Amino acid sequence: QVQLVESGGGLVQAGGSLRLSCAASGSIFSIININTMGWYRQAPGKQRELVARIDSGGRTIYADSVNGRFTISRDNAKNTVYLQINSLKFEDTAVYYCNVLVTHPRVADYWGQGTQVTVSS
């Protein structure tokens with residue numbers, strides 16, 4: 001299986017920036033077959049929603065609310081996915097979760113524990 005360790009969250013003033021990291025570890029047979037990697041977020045009282053996703057070919061998808069401000073990238077050599085967050089807004093406050101999809105040796109979906117991003121004035 002795959003374990004995901006997130007870092008980079010914190011308290012940031014509106015207009016500031018954060019860089020979230022998520023490193024995957026565990027079974028080499030799963031890690032070498034990671035397909036998509038992404039970031040989701042969940043604000044209090046709201047459903048978890050997709051923020052950004054990147055597939056094995058480098059293609060990306062962004063939520064309309066973050067497009068132009070957030071950038072997702074991955075370093076396959078380090079089994080790590082990043083989320084660069086710029087121009088933070090109050091509404092970006094949420095718990096951000098890392099997610100990876102593994103296709104071999106079995107199809108599996110893994111989640112990190114989440115990291116809190118809080119935007120203040």
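The preceding data block contains the structure.
The text that follows walks through the structure, step by step, so that each part is easy to find. As the structure is a prediction and not an experimental result, all values here were calculated from the model.

Analysis parameters
- Residues numbered from 1 in each chain as written.
- Predicted model: local features only at pLDDT ≥ 70, side-chain atom pairs only at ≥ 80, totals over all residues.
- Heavy atoms only, no water.
- Helix = DSSP H or I, 4+ residues; strand = E, 2+ residues; numbered from the N terminus.
- Rg over C-alpha atoms; globule rule 2.2 N^0.38 Å.
- Areas by Shrake-Rupley, 256 points an atom, 1.4 Å probe, with all protein chains shown as cover.
- Lys, Arg positive; Asp, Glu negative; His and termini not counted.
- Charge placed at Lys NZ, Arg CZ, Asp CG, Glu CD.
- Pairing = 2+ DSSP bridges.
- Axes fitted to C-alpha atoms, helices over the stretch in contact; angles between N-to-C directions.
- Buried < 20%, exposed > 50% of the residue type's maximum accessible area, 1.4 Å probe, protein only.
- Polar contact = N/O pair within 3.5 Å; in protein donor to acceptor, adjacent residues only side chain to side chain.
- Contact = heavy atoms within 4.5 Å.
- Salt bridge = Lys/Arg side-chain N within 4 Å of Asp/Glu carboxyl O.

### Quick look at the overall build of the protein
- Tallying secondary structure elements over the protein gives one helix and eleven strands in all.
- The secondary structure elements of the protein, listed N-terminal to C-terminal, are β-β-β-α-β-β-β-β-β-β-β-β.
- Relative to a compact globule of 121 residues, whose C-alpha radius of gyration would be 14 Å, the protein shows 14 Å and is just as compact.
- The principal-axis extents of the C-alpha atoms in the protein amount to approximately 45 × 25 × 25 Å.
- Surface exposure of the protein reaches about 6,400 Å², of which carbon and sulfur atoms provide 49%.
- Here the protein contributes 11 positive and 8 negative side-chain charges, whose respective centroids are spaced 2 Å apart.

### Structural notes on the sheet that holds strand β7 (residues 70–75)
- Taken together, the four strands give an open sheet; going across it, the order is β1-β3-β8-β7, and neighbouring strands pair in antiparallel fashion. The sheet is open, and its two borders are formed by β1 (2–7) and β7, each paired with just one other strand. Direction aside, neighbouring strands of the sheet carry axes that sit 15 degrees apart on average.
- Inspection of the sheet shows β1 paired to strand β3 (residues 18–26) by six bridges, in the antiparallel sense. Within β3, the residue paired with E6 across the bridge is C22.

### Regarding the pairing of strand β8 (residues 80–85)
- Counting buried residues along β8, five of its six residues qualify, which places the element largely inside the surrounding structure.
- Between β7 and β8, which pair antiparallel and follow one another directly, the connecting turn spans four residues, one of which, N79, has a positive phi of 50 degrees.

### Re the side chain of T80
- Along the chain, T80 falls in strand β8.
- A polar contact is formed between the side chain of T80 and the backbone oxygen of K78, at a distance of 2.8 Å.
- Not counting residues up to four positions away in its chain, the partners in contact with T80 are C22, A23, M37, S73, R74 and D75.

### Focus: unusual backbone geometry
- With an omega dihedral of 0 degrees, the bond running from H104 to P105 counts as a cis peptide bond.
- With respect to the helices, strands and loops of the structure, P105 is situated in the loop between β9 (94–102) and β10 (108–111).
- You will see that N79, though not glycine, has its phi angle at about 50 degrees, which is positive.
- Its location among the elements puts N79 in the loop between β7 and β8.
- Positive phi is not limited to glycine here, since S87 has a value of about 50 degrees.
- In this fold, S87 is placed in the loop between β8 and β9.

### A word on the pattern of salt bridges
- According to the stated counting rule, one finds four salt bridges in the structure shown.
- Note that D55 and R59 form a salt bridge whose closest N and O atoms lie 2.8 Å from each other.
- Classification of D55 by relative accessible area gives buried; the value is 15%.
- Linking D92 and R69 is a salt bridge whose minimum nitrogen-to-oxygen distance equals 2.7 Å. Residue D92 is found in the loop between β8 and β9, and its partner R69 is found in the loop between β6 (60–62) and β7; the two are separated by 23 residues along the sequence.

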